[in-house]
Amino acid sequence: MKILDRLFLGNIKDPYYAKRRNNLIIIGHSCFPDDKCFCHSTGTDMVEDGFDLFFTSLNGYYLIWVGTDEGLDLAIAAEELLEEDITDEVIQEYVIWQQIRSQRFRSDVPYFKYLADIMSLNYDSEVWDQFGNKCLSCGTCSMVCPTCNCFNVDDKIMMSAEEGIRERMLDSCMLPYYSLVAGGHDFRPKRTDRIKLYYTHKLQEYIGKWGQPSCVGCGRCVEYCPVEINALTVAEALYGEVGQTKEVLDL
Ligand code: SF4
Ligand code: SF4
C-alpha cells in the first residue's frame, strides 16, 4: 500500500484513490513465509509505519503496535481487552518469534540489491526473448500482484445517448491490447517487450526513483504464472548471465 501511495498520492494526486485512502483504517497482522515468499530479499518483511495498528501473533496473545493517533484511539476504545505492561517474557518471546520467522524463508534472492544494475546490464539479453516465447499473455501475473496498477478507462454510453458511465478498471500491461492506441498502432506488440517492461518497471525503474523495488516479494507470481515466469525466475535468469561472466573473469 505504501508503494501504491507513492504512485497515486505523489505529484499528481488521484482524487478517487485519495478519498478511499483517507477513509481507511489499516490493521496489519503478522505472518510466516511460505515456500514462495522472498520479502526478506526485497526489504518488505517488516514495516515501521503505514498502519494504524499492527498485531503480532505470539504464544496465545497479540503484541499490538500502535502506528497512528487513530490506532491509539482504537486501542483506548478497547482498553479492557489490553494489557499495557510489556514484561521480559513478552520481549523474549518476540525475539524468538523473529528468529524463527527469519529461518522459515525458503526462497531467497541474495543479489537483490544489485538487481537494478544487473537488469540494466542485461537490457538486450536473449533471456527476455526466452521468456517472451513462453509467455501466454494471460495477464495472471498482473491480476495477482499487489503492486500492479495499470488501469483502463471505459466509457459506456446509454441508449438515450444523453447519459453515460465512465469506469476505471484494473488492466495489465501484459495483455496484448493494452498498448493498442487510436489508429490501430500498437507500441508494444511483442510479448518479449511486454515482459521486459513489466519487470524493468518493478525491479529497476522503481528503485531508481524511490530506492526500493515495487516488487514486495510476496511470491504470488511464483504461485500463479502457468509457465513459471516470475520475479524469482527472471532475477535468476538475468543473474545467471552475470554468473557466467564471473566465471570467465575468474573472480
Ligand atoms: S513477487 Fe510477483 S506478485 Fe509479488 S510483488 Fe513481486 S512481482 Fe508482484
Ligand atoms: S508471465 Fe505468466 S502469468 Fe504473466 S502473462 Fe505471461 S504467462 Fe501469464
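## So, the site of ligand 2
Within the structure, ligand 2 sits among Cys135, Leu136, Ser137, Cys138, Gly139, Thr140, Cys141, Met174, Cys225, Pro226, Val227 and Ile229. Looking at the shell around ligand 2 residue by residue, the classes come out as nine nonpolar, three polar and no charged.

## Here's the deal with the nonpolar core
Residues Phe38, Leu115, Ile195, Tyr198, Tyr199 and Ile229 are the most contacted members of the largest nonpolar core, which totals 30 residues. Among the elements that make up this core, the one with the highest residue count is helix α10 (residues 231-249) (five residues). Tyrosine 198 has contacts with Cys141, Ser142, Cys145, Cys148, Cys173 and Met174, leaving out every residue within four places of it along the chain. Leu58, Leu63, Val90 and Tyr94 belong to the second largest nonpolar core, which has five residues in total.

## Observations regarding the layout of surface pockets
Space inside the largest pocket adds up to approximately 1,200 Å³. Elements that contribute at least two residues to the lining of the largest pocket include exactly α1 (2-8), β1 (27-29), β2 (53-57) and α4 (88-103). Grouping the amino acids of the lining of the largest pocket by side-chain chemistry returns 19 nonpolar, 10 polar and eight charged. Residue contributions to the lining of the largest pocket reach at least three from each of two domains, namely domain 1 (2-103) and domain 2 (112-249). When its volume is computed, the second largest pocket comes out at roughly 540 Å³.

## Some points on the pairing of strand β5 (residues 164-170)
Strand direction decides the pairing type here: strand β4 (residues 151-157) and β5, joined by seven bridges, are antiparallel. Note that in β5 the partner of lysine 156 across the bridge is isoleucine 165.

## Section: the environment of isoleucine 118
Within the fold, isoleucine 118 resides in helix α5 (residues 115-121). Residue classification places isoleucine 118 among the buried positions, given a relative accessible area of 6%. With 86 residues separating them in the primary sequence, isoleucine 118 and glutamine 204 have C-alpha atoms 8.9 Å apart.

## Here's the deal with the pattern of salt bridges
What the rule picks out here adds up to eight salt bridges. Between arginine 166 and aspartate 155 there is a salt bridge whose closest N-O contact spans 2.7 Å. Of this pair, arginine 166 sits in strand β5 while aspartate 155 sits in strand β4, and the two are 11 residues apart along the sequence. For aspartate 155, a relative accessible area of 43% corresponds to the partly exposed category. In this structure, the salt-bridge partner of lysine 156 is glutamate 167, at a minimum N-O distance of 2.8 Å. In this pair, lysine 156 is assigned in strand β4 and glutamate 167 in strand β5, connecting sequence segments 11 residues apart. Residue class for glutamate 167 comes out partly exposed when judged on its relative accessible area of 33%. Connected via shared salt-bridge partners are Asp35, Lys36 and Glu223.

## Some thoughts on the sheet that holds β1
Taken together, the three strands give an open sheet; going across it, the order is β1-β2-β3, and neighbouring strands pair in mixed fashion. Looking along the sheet, the strands with just one partner apiece sit at the ends: β1 and β3 (62-66). Adjacent strand axes in the sheet meet at a mean angle of 20 degrees, parallel and antiparallel pairs treated alike.

## Let's talk about the state of the cysteines
Applying the stated rule across the entire model yields zero disulfides. Unpaired in this structure, cysteine 150 has its nearest cysteine sulfur neighbour in cysteine 173, at a distance of 4.3 Å. Judged by relative accessible area, cysteine 150 falls into the partly exposed class, the value being 21%.

## Details of the environment of valine 216
Position of valine 216 among the secondary structure elements: in the loop between α8 (191-210) and α9 (220-224). Taking the C-alpha atoms as reference points, valine 216 and lysine 196, separated by 20 residues in sequence, lie 18 Å from one another. In contact with valine 216, other than residues within four places in its own chain, are Ile3, Cys39, Thr42, Thr44, Pro146 and Thr147.

## Considerations on the packing of aromatic side chains
Aromatic ring pairs: the centre-centre distance and the angle between the two ring planes describe each pair. Throughout the structure, instances matching the rule amount to eight aromatic pairs. Measuring from ring centre to ring centre gives 5.5 Å for phenylalanine 51 and phenylalanine 54, while their planes differ by 65 degrees; the resulting arrangement is edge-to-face. One aromatic cluster in this structure is built from Phe32, Trp65, Tyr94 and Trp97. Directly above the aromatic system of phenylalanine 32 lies the positively charged group of arginine 104, at a separation of 4.7 Å from the ring centroid.

What counts and what doesn't
- Residues numbered from 1 in each chain as written.
- Chains lettered and ligands numbered in written order.
- Predicted model: local features only at pLDDT ≥ 70, side-chain atom pairs only at ≥ 80, totals over all residues.
- Heavy atoms only, no water.
- Near = heavy atom within 4 Å.
- Nonpolar A, V, L, I, M, F, W, Y, C, P; charged D, E, K, R; others polar.
- Core = buried A, V, L, I, M, F, W, Y, C linked by side-chain atoms within 4.5 Å.
- Buried < 20%, exposed > 50% of the residue type's maximum accessible area, 1.4 Å probe, protein only.
- Helix = DSSP H or I, 4+ residues; strand = E, 2+ residues; numbered from the N terminus.
- Contact = heavy atoms within 4.5 Å.
- 1 Å grid on protein atoms, 1.4 Å probe; cavity = no way out; pocket = protein on both sides within 12 Å on 5 of 7 lines; lining within 4 Å.
- Points joined across faces, edges and corners; volume = space filled by probe spheres on them.
- Domains from an automatic or database assignment.
- Pairing = 2+ DSSP bridges.
- Salt bridge = Lys/Arg side-chain N within 4 Å of Asp/Glu carboxyl O.
- Axes fitted to C-alpha atoms, helices over the stretch in contact; angles between N-to-C directions.
- Disulfide = S-S within 2.5 Å.
- Phe/Tyr/Trp six-rings, centres within 6.5 Å; stacked < 30°, edge-to-face > 60°.
- Lys NZ or Arg CZ within 6 Å of the ring centre and 35° of its normal.

Spatial relationships are all this shows, so hold off on functional conclusions.
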